[in-house]
Amino acid sequence: MKVLLCGGGNAIHVLTAYVGSLPDTELCILSLFPGEAQRLKDAIPEQGVKCMNDLGDDVYGKPDKVTDNPEEIGSPDIVIFAIPSFTHELY
């Protein structure tokens, strides 16, 4: 399954950990806010994004691609927009 996460804020960080940890899932992040895609790429640790879970085990996930270019995405099966209202026009 190919999942596209749109945005770069807190919700994207949590979704990256959970969706990125799923087997047989290709995860792409698209951030159109200026400079944000590169900041995300630079900030993701080698082991992936960690989401601390008070109810169970912590979860680590890593995107397969982080980009600001929609043409690099292809055809996702699922698209999740997790963006604030002031960025709606970008997408």
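What counts and what doesn't
- Residues numbered from 1 in each chain as written.
- Predicted model: local features only at pLDDT ≥ 70, side-chain atom pairs only at ≥ 80, totals over all residues.
- Heavy atoms only, no water.
- Helix = DSSP H or I, 4+ residues; strand = E, 2+ residues; numbered from the N terminus.
- Rg over C-alpha atoms; globule rule 2.2 N^0.38 Å.
- Buried < 20%, exposed > 50% of the residue type's maximum accessible area, 1.4 Å probe, protein only.
- Contact = heavy atoms within 4.5 Å.
- Areas by Shrake-Rupley, 256 points an atom, 1.4 Å probe, with all protein chains shown as cover.
- Salt bridge = Lys/Arg side-chain N within 4 Å of Asp/Glu carboxyl O.

**Describing the overall build of the chain**
Each helix and strand in the chain was counted, giving 2 helices and 6 strands. Secondary structure elements in the chain, listed N-terminal to C-terminal, are β-α-β-α-β-β-β-β. Over its C-alpha atoms the chain spans a radius of gyration of 13 Å, differing by no more than 12% from the 12 Å that the globule rule assigns to 91 residues. By principal-axis analysis of the C-alpha atoms, the chain measures approximately 40 × 25 × 25 Å. Each of the 91 residues in the chain was classed as buried or not, and the buried ones make up 35%. Contacts in the chain between residues at least 24 apart in sequence constitute 70% of all its contacts with a sequence separation of at least 6. By element, 52% of the accessible surface of the chain is carried by carbon and sulfur atoms, the whole surface being about 5600 Å².

**A short note on the pattern of salt bridges**
If the charged atoms of two oppositely charged side chains come close together, the side chains can form a pair. A complete count under the given rule lists 2 salt bridges for this structure. Among the ionic pairs, glutamate 46 bridges to lysine 62, the shortest N-O distance being 3.6 Å. Remark: lysine 62 occurs in the loop between β4 (59-61) and β5 (65-67) and glutamate 46 occurs in the loop between α2 (36-43) and β3 (49-51); sequence separation between them is 16 residues. Residue class for lysine 62 comes out partly exposed when judged on its relative accessible area of 34%. The salt bridge partner of lysine 50 is aspartate 58, with a shortest N-O separation of 3.5 Å. Lysine 50 sits in the partly exposed class, given a relative accessible area of 42%. A relative accessible area of 33% places aspartate 58 in the partly exposed class.

**Overview of the environment of tyrosine 60**
Counting through the fold element by element, tyrosine 60 comes out in strand β4. Judged by its relative accessible area of 38%, tyrosine 60 falls in the partly exposed class. Placed 58 residues apart in sequence, tyrosine 60 and lysine 2 show a C-alpha to C-alpha distance of 18 Å. The contact partners of tyrosine 60, leaving out residues within four places of it in the chain, are Ala17, Ser21, Gln47, Gly48, Val49 and Lys50.

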